[in-house]
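# Examining the three-dimensional arrangement
Here are the chains, one letter per residue:
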Amino acid sequence: MKFTKLIQNKPIMILTFFVGLSLGGANFYQRQNLSNLGYYRNSFSEIYQSRIKNLCSADISDIQERMENLRDNGYFDESTSEQLRNQLAEGVLSDYTEDKTNFFFTVHDMKDNLLLSSYSDDYQYSAVEIYQNLKTETVETDLTEEEYQTFQLPENANILDEYSYMDNVSFEEDENIAYDDDLDSQAIDEAYGVPMEEVLDEENLMMHHIRYEVPVGDDGSYYVTGYVRSRFDANDKYKNLYSSVQRNYRNRYIYVGFAILGGLLTLFSALMLLARAGLRDEFSTVKTGVTEKIPTDVFSVLILCALAVHIPLIDDFVYMPRTLQFMVGVDGIGALILWYAHSVIVRIRAKELFTNTLCFKILRKIYHLTKRTAKAVPSMWKMIVPVIGFDIVNLFGIYSIAENETDFGLFILISLYVLAHAIIFGILYDLYILEKGGQNMADGILDKIPEKWLFGRFLQHARNLNSISEGMNKAVTDKLKSEMFRTELIANVSHDIKTPLTSIINYTDLLSKMNFEDEQATEYIDVLGRQSARLRKLTEDVLEASKATTGTATVHKEKIDFRVLIEQIEGEFIEKFNLNHLTLVSSVPEHPLYIMADGRQLWRVLDNLFNNVCKYAMSGTRVYLNVSETESEITFMLRNISATELNLSAEELMERFVRGDRSRNTEGSGLGLSIAQSLTALQGGVMELQIDGDLFKAIIRLPQMNAEPLTVPEQPTISVAKGRPA
Amino acid sequence: MGYNSSIKYKGVFKNTMKYNILICDDEKDIVNALKIYLSKEEYILHTAYNGIQALEVIEREPIDIILLDIMMPEMDGLETITKLREEYNIPVILLTAKSEDTDKILGLDLGADDYITKPFNPMEVIARVRSQLRRYKQLGGAPSSSSSVYRIGNITLDNSEKLVTVDGETVSLTPTEYAILFFLIKQPNKVFSPEEIYVAVRGELPYGAEGTIAVHIRHIREKIEINPAEPRFLKAVWGQGYKLEG
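Reading guide: rules and limits
Each chain carries its own residue numbering, running from 1 in the written order of its sequence. Working convention: letters from A go to chains and numbers from 1 go to ligands, in the order in which they are written. Where totals are concerned, whole chains, interfaces and linings use all residues; where local detail is concerned, this predicted model gives features only for residues with pLDDT of at least 70, and gives and counts side-chain atom pairs only at 80 or more. Here the side-chain values reflect all heavy atoms present in the structure, with hydrogen atoms and water set aside. Numbering of helices and strands runs from the N terminus; a helix is a DSSP stretch of H or I covering at least four residues, while a strand is a stretch of E covering at least two. Contact definition: two residues touch when any of their heavy atoms are within 4.5 Å. Surface accessibility follows the Shrake-Rupley procedure with a 1.4 Å probe radius. Residue values consider only the protein chains on display as shielding. Patch membership requires more than 30% relative accessible area and the absence of a salt bridge. Residues of like charge join within 9 Å; the nonpolar side chains Val, Leu, Ile, Met, Phe, Trp and Tyr join within 5 Å. In what follows, salt bridge is the name for a side-chain nitrogen of Lys or Arg lying within 4 Å of a carboxyl oxygen of Asp or Glu. To define axes, lines are fitted to C-alpha atoms, for helices over the stretch in contact only, and angles between the resulting N-to-C directions are given on a 0 to 180 degree scale. To sort the angles, those under 35 degrees are grouped as roughly parallel, those over 145 as roughly antiparallel, those from 65 to 115 as roughly perpendicular, and the leftovers as oblique. Crossing handedness is read from the near helix: turned anticlockwise from the far helix by less than a right angle, it gives a left-handed crossing, and turned clockwise, a right-handed one. In this classification, the charged set is Asp, Glu, Lys and Arg, the nonpolar set is Ala, Val, Leu, Ile, Met, Phe, Trp, Tyr, Cys and Pro, and all remaining amino acids, among them Gly, are polar. By the criterion applied in these results, polar contacts are pairs of N or O atoms within 3.5 Å in which, for protein atoms, one can donate a hydrogen and the other can accept it, and in which residues neighboring in sequence qualify only through two side-chain atoms. Under the scheme applied here, a residue whose accessible area is under 20% of the maximum for its type counts as buried, over 50% as exposed, and between as partly exposed, the area being computed with a 1.4 Å probe on protein chains only. Summary of the metric used: pLDDT quantifies the predictor's per-residue confidence within the range 0 to 100. Note: two strands are recorded as paired if DSSP finds a minimum of 2 bridges between them. The arc under discussion is defined with respect to the helix axis, by the directions toward the C-beta atoms. Pairing of aromatic rings covers Phe, Tyr and Trp, the last through its six-membered ring, and needs centres within 6.5 Å; plane angles under 30 degrees mean stacked, over 60 mean edge-to-face, and all others mean tilted.

### Brief notes about the overall build of chain A
When helices and strands are counted, chain A shows 25 helices and 12 strands. Sequence-distant contacts in chain A: of pairs separated by 6 or more residues, those separated by 24 or more amount to 72%. Counting every atom, chain A has about 42,000 Å² of accessible surface; 59% of that belongs to carbon and sulfur.

In structure tokens, the structure reads:
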């Protein structure tokens, strides 16, 4: 738990980041420097080379002045000089053990007589020695004092030979190896031909020397030779450097270890910081910081500039290790990269990486400006301008071909060709979609036109059509709802009417059974009885009509024999016909006539027609019943002579509440034919009425079994929609 | 709507004891009208104006038959009949303004014995009350073990005596009508086409039989049904034929 809290602590993580980076950077640098050992090896050689050069080019007058100074102040002693000269004569090696320097110089004349030697690397000290020795040896040399005073080391002093531990490799060529990034010292060893371990072994530093020829006048020259002490045991600054290099080389694995440890710390803390970049503690909302106020692209450029400043700090490898400088460089670059990565992650999480850029903002501004301008352009121009543009490009293509720029011209024309095809296909497809949608709408299928693949003006058109269809859909639904509501209302009302009607009928009946003195009272009671019975019939018919016409009546279709139905209906009515002196002449096929229909509803239709005949046919006439069939339908026809003049059209008879004779006050609601028509339609059939003078014809056409329903001239639902309130 | 008058119920059915009838309707005028009609038949009449009152009366009095309205406040007829049937076996006749088939079926399924739709003919009500009482009080026993006796609803046909009775009253049928009824009662609830019926009874029909099967059926219906326009037993299946439903 503690550790979790620790890694969520931002300052501690930042601290860890820098500690890791510094540790890793410093150790990496140390290890990296080890691969630059060649520099140090070079430097040993170069250092004593330059010593000798300095010696040769010493300003004699300046030295002389200093020497006089010494002599005047009693520092100079003839005997000392003598002693020194003797020592030198005894041999170079005897002085080599001196504890002052690791470098040693000798000057010989042309006959290889030793003129002087110095075991100091201190310039002034050497100069004193040289002067001293030169002075004492003047008589024995060919050089005059004057010549010595004006002595200058010529620019062309020849290096006669050169002995170093790097016999066959020149310094200049080695520089490349010194910069090699490879940390493996093996490569360097191979390049120098001597293993590093051996080079640094004191035993092998045996009297390496370098010899210069310094010409003096025309007669001759003298030779300066530089030596390096073989055991390298004097504690001068070179020795110290050498020791540190040696130490570093021994510790090279420790550097690697610390470098890796520092790297891991850095990586871990960076990941911890980046993982929580821009998130609050609940890991829910993204919170942008001050940095995120700077546009991404501007921020990127700023970070790049800052990096450019820091990179030389780590790139500039020099002779001397500059660990602190490298650490500053590494820390700076690390901090910049971390900052940048952190900010980028926050921007991604806040979904503003690209939106919060200066470029994006400028482009958006341009886009809006263009859009606004385009809106102002009249819509006709929007069609014309692309066509003109197309033509111009096309002409340009043709022109290019004419000017023998065939490839370019063909490229343009083919591109245009492909583009035009794509556009034409798109337009044709969109037209197809719109056409289909429109056709559906015309057919009454109010589905929405899919807008997915439509574009531009087609899309707008589709949307317009869709909103029309939506409106129509709503209107139809509302209509249906109101129809259903009306049917329900009629049902409820007729139920409510029935209760008081029951009382009226019952009490009228009770009255009719009483004895009244007044004959008129009996007559009035008769009227009450008749009218209440009529009211009752009306109530029932209204309910039935509303159900039949709105299609709320349930139809149970089954296979029935129409011939049986006719037989049954005849049986029901034959006596009633006889009573009215009507003769039924029927002609029905002998074989069964199967149809799919609701028997009860079809019976209601025929019952209605037969009742009408009983009521309105002229007494003493014949009533003709014909049933015929074709392949697809069965036709039933009932003909009778009307007792009264038919002053109404067939259409009017079908209308609700209209009866053949308004004058006669018979029972019935006038709904009979309307109900019959609606019920016939529910069976998939058609009912027609024809009036020819006094001849009344009722025709019912029904589809044969398995045949398509017959087309109904007028849809029942629509006729109800137009109908008067019942 | 001419109601059949061929059933002679008046004075034919005599009973030594008086029956208790409960009339239950929220419409007081209807209750009163029914009281007037039924009082002529020497019943003891009880009234209630909703289902709760009806159940109270049934607890209190030895009710023999109930006339029950469906649409009532407090507790409607259907709920009343459900409650009632938990304890009592009394005949219940529903009085309803709802003329839909589904309403009738629901009422009968819940335990009603008969139903009458409003507006009703008082004579029909009286006939149905009488019919139910007879069945409940006198004919409620097990059907006769004799193989020659057939019973559908309130209709009994005794083939050994060639006798048809409705609610215990003898009905006079022509030989053809008897043959048709006998054929149908042997296989109740099965629909027979007019042709099948004709073939089955032809042996007993003299040549040149007057009228068709449909006419005979109508005649039988007028003799055995209380309301021939709405037959309870001898039903026409339009376009298919006829059946005797029990």
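Having seen it, we continue.
### What about a nonpolar patch on the surface?
There is a patch of nonpolar side chains on the surface, built from V377(A), M380(A), W381(A), M383(A), I384(A), V385(A), I388(A) and I392(A) and spanning about 720 Å² of accessible area. When you line up the elements, W381(A) lands in helix α17 (residues 379-402).

### Quick notes on the packing of helix α22 (residues 599-616) of chain A against helix α24 (residues 672-682) of chain A
All names here are of chain A. The N-to-C vectors of α22 and α24 enclose an angle of 150°; their axes lie 9 Å apart at closest approach. Here α22 is positioned roughly antiparallel relative to α24, judged by the angle of their axes. Once α22 is placed against α24, the crossing between them reads as left-handed. Across from Q601, R604, V605, N608, L609 and N612 in α22, the residues of α24 making contact are G672, L673, A676, L679, T680 and L682. In the contact of α22 with α24, the residues fall into six nonpolar, five polar and one charged.

### Focus on the interface of chain B and chain A
Listed as interface residues are 35 residues of chain B and, on the opposing side, 31 residues of chain A. Between chain B and chain A we count two salt bridges in total. As a salt-bridge pair, E575(A) and R218(B) come within 2.3 Å of each other at their nearest N and O atoms. Joining chain B to chain A, the criterion identifies 15 residue pairs in polar contact (both at pLDDT 80 or more). Mapped by element, the contributors of at least two residues to the side of chain B that touches chain A are α1 (28-39), α5 (122-137), α7 (194-201), α8 (213-224), β10 (234-237) and β11 (241-244) of chain B. Among the elements that take part in the side of chain B that touches chain A, α1(B) stands out by supplying six residues, more than any other. The residue inventory of the side of chain B that touches chain A, partitioned by class, reads 18 nonpolar, seven polar and 10 charged.

### Comments concerning the pattern of salt bridges
Pairs may arise between side chains of opposite charge once their charged atoms sit close together. Enumeration over the complete set of coordinates arrives at 23 salt bridges over all chains. With its nearest N and O atoms 3.4 Å apart, the salt bridge here joins R221(B) to E572(A). Here R221(B), found in helix α8, pairs with E572(A), found in helix α21 (residues 562-579), and the two come from separate chains. We note that R221(B), like E572(A), is buried. Of the charged contacts in the structure, one is a salt bridge between D113(B) and R85(B), with a shortest N-O distance of 3.0 Å. Taken together, the positions of D113(B) in the loop between α4 (101-109) and β5 (114-117) and R85(B) in the loop between α3 (77-84) and β4 (92-96) put the pair 28 residues apart, joining distant regions of the chain. Through salt bridges with shared partners, a single ionic network connects D114(B), E124(B), R128(B) and R232(B).

### Let's talk about the confidence of the model for chain B
Residues and elements named next belong to chain B. Scored by pLDDT, chain B comes out at a mean of 80, with 85% of its residues at no less than 70. Long-range and interchain partners of residues 1-15, a stretch whose pLDDT sits below 50, account for 23 contacts in this model, where long-range means more than four residues apart. Taken as a whole, residues 206-210 scores under 50 in pLDDT and shows one contact with residues more than four places along the chain or in a different chain.

### Here's the deal with the sheet that holds strand β3 (residues 65-69) of chain B
All names here are of chain B. Ordered in space as β2-β1-β3-β4-β5, the five strands form an open sheet in which the pairing is parallel. Sheet topology places β2 (44-48) and β5 at the edges, where each strand pairs with a single neighbour. On average, each strand axis in the sheet is inclined to that of its neighbour by 20°, with strand direction left out of account. Bridge analysis of strand β1 (residues 20-24) against β2 gives five bridges, and the strand direction is parallel. In the strand pairing of β2, I23 is matched with T47.

### Comments concerning the environment of N492(A)
Following the sequence through the fold, N492(A) ends up in helix α19 (residues 456-512). Each C-alpha atom, one on N492(A) and one on L543(A), is 9.2 Å from the other, the two residues being 51 residues apart in sequence.

### Concerning α3(B)
Residue and element names in this part refer to chain B. Listed in full, the buried residues belonging to α3 are G77, L78, T80, I81 and L84. Viewed along the axis of α3, the buried residues span an arc of 160°, placing them on a single side of the element. Contacts made by the buried residues of α3 are with α2 (51-60), β3, β4 and α4. The N-capping residue of α3, defined by a side-chain oxygen 3.3 Å from the backbone nitrogen of L78, is D76.

### Some words on the packing of aromatic side chains
Residue and element names in this part refer to chain A. Per the stated rule, a full pass over the model turns up 14 aromatic pairs over all chains. For the pair Y429 and Y432, a centre-to-centre distance of 6.4 Å together with 40° between the ring planes defines the contact as tilted. In this pair, Y429 and Y432 both sit in helix α18 (residues 406-442), three residues apart, roughly one turn of the helix. The class of Y432 is partly exposed, set by a relative accessible area of 44%. Their ring planes at 35° and their centres at 5.8 Å tell us that F577 and F610 sit as a pair that is tilted. Taken together, the residues F577 in helix α21 and F610 in helix α22 connect sequence positions 33 residues apart. An identical accessibility class is assigned to F577 and F610; each is buried.

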